[in-house]
Amino acid sequence: MSIAVGDTLPAITLKTNGDNGPEDLNTGDFFKGRKVVLFAVPGAFTPGCSNTHMPGFVVNADALLDKVDAIACMAVNDAFVMDAWQKDQNAERITMLADGNAEMAKALGLELDATGGGMGIRSKRFALIANDGVVEYIGVDAKGVDKSSAETVLAQLS
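Residues numbered from 1 in each chain as written. Predicted model: local features only at pLDDT ≥ 70, side-chain atom pairs only at ≥ 80, totals over all residues. Heavy atoms only, no water.

1. Description of the pairing of strand 2 (residues 21-26)
Along any regular strand, the residues point their side chains to alternate faces of the sheet. Examined bridge by bridge, strand 1 (residues 13-18) and strand 2 share six bridges and lie antiparallel to one another. Considered in strand 2, the bridge of Thr13 is made with Asn26. Where strand 1 hands over to strand 2, the hairpin turn is made up of two residues, counted between the paired strands. (Pairing = 2+ DSSP bridges. Helix = DSSP H or I, 4+ residues; strand = E, 2+ residues; numbered from the N terminus.)

2. Side note on the packing of aromatic side chains
Counted according to the given criterion, the structure contains three aromatic pairs. With centroids separated by 5.2 Å and ring planes inclined at 90 degrees, the aromatic side chains of Phe30 and Phe31 adopt a geometry described as edge-to-face. Relative accessible area serves as the criterion here: at 1%, Phe31 is assigned to the buried category. Relative to Phe57, the ring of Phe39 lies with its centre 3.8 Å away and its plane at 0 degrees, an arrangement referred to as stacked. With a gap of 18 residues between them, Phe39 in strand 3 (residues 35-41) and Phe57 in helix 2 (residues 47-59) connect regions that are remote in the sequence. Over the ring of Phe30 we find Arg34; its NZ or CZ atom is 4.4 Å from the centre of that ring. (Phe/Tyr/Trp six-rings, centres within 6.5 Å; stacked < 30°, edge-to-face > 60°. Buried < 20%, exposed > 50% of the residue type's maximum accessible area, 1.4 Å probe, protein only. Lys NZ or Arg CZ within 6 Å of the ring centre and 35° of its normal.)

3. Here we look at helix 6 (residues 150-157)
Among all positions in helix 6, only Ala150, Val153, Leu154 and Leu157 are buried. Buried residues of helix 6, seen end-on, are gathered within an arc of 100 degrees and therefore sit on one face of the element. In this structure, the buried side of helix 6 is in contact with strand 3, helix 2, helix 3 (61-65) and strand 8 (125-131). (Arc of directions from axis to C-beta. Contact = heavy atoms within 4.5 Å.)

4. Examining the pattern of salt bridges
A side chain with one charge can pair with a side chain of the opposite charge if their charged atoms come near. Going through the model one piece at a time under the given rule, you end up with four salt bridges. A salt bridge links Asp62 to Arg93, with the nearest nitrogen and oxygen atoms 2.1 Å apart. Note that Asp62 is positioned in helix 3 and Arg93 in the loop between helix 4 (79-88) and strand 5 (95-98), a separation of 31 residues in sequence. (Salt bridge = Lys/Arg side-chain N within 4 Å of Asp/Glu carboxyl O.)

5. Points about the nonpolar core
Counting residues in hydrophobic clusters, the biggest one holds 27 residues, and the most contacted among them are Phe39, Phe57, Leu64, Cys73, Trp85 and Ile94. At the level of elements, strand 3, helix 2, helix 3, strand 4 (70-75), helix 4, strand 5, strand 8 and helix 6 are the ones that each hand at least two residues to this core. Looking at this core, the element that brings in the most residues is helix 6, giving four residues. Discounting chain neighbours no more than four positions away, the residues touching Ile94 are Phe39, Met54, Phe57, Val58, Ile71, Ala72, Cys73 and Gln86. (Core = buried A, V, L, I, M, F, W, Y, C linked by side-chain atoms within 4.5 Å.)

6. Details of the environment of Val134
Inspection of the secondary structure assignment puts Val134 in strand 9 (residues 134-141). Since its relative accessible area comes to 30%, Val134 is described here as partly exposed. The sequence separation of Val134 and Ser50 amounts to 84 residues, and the corresponding C-alpha distance is 28 Å. Setting aside chain neighbours within four positions, we find Val134 in contact with Gly6, Asp7, Thr8 and Ile129.

Laid out in structure tokens, this is it:
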């Protein structure tokens, strides 16, 4: 069962890149006491994620950060890949969350079996708005970037 509006996000330890390399980040602490937009992609550097999904959040970062405390991007990649992708995408204002073992994706009920394409278990493409860890909006895309786009998230925040 997938996470839904009104549910509390699970507390999972993910990785993010700090000044000295990968650091632990507890999602319970990260979301506590603030409003956060979290979007997830099936994989860093993949075409749809790099050409459409991430750029929308980079371009709209100012407008989003006027309404929320943080923007985070999650993918089933390691922290080194997420760091390289952040730099490649000029996404310095976005916190990159490496869900290397798909633990968060599974805990949310939003894992994607991409083993047929040689990519293993990934995350579905989604975006959510959480206030103090409680989901206020969630949009999951089966194809394309519609329900999880930065523009859709911005409309939900208006």
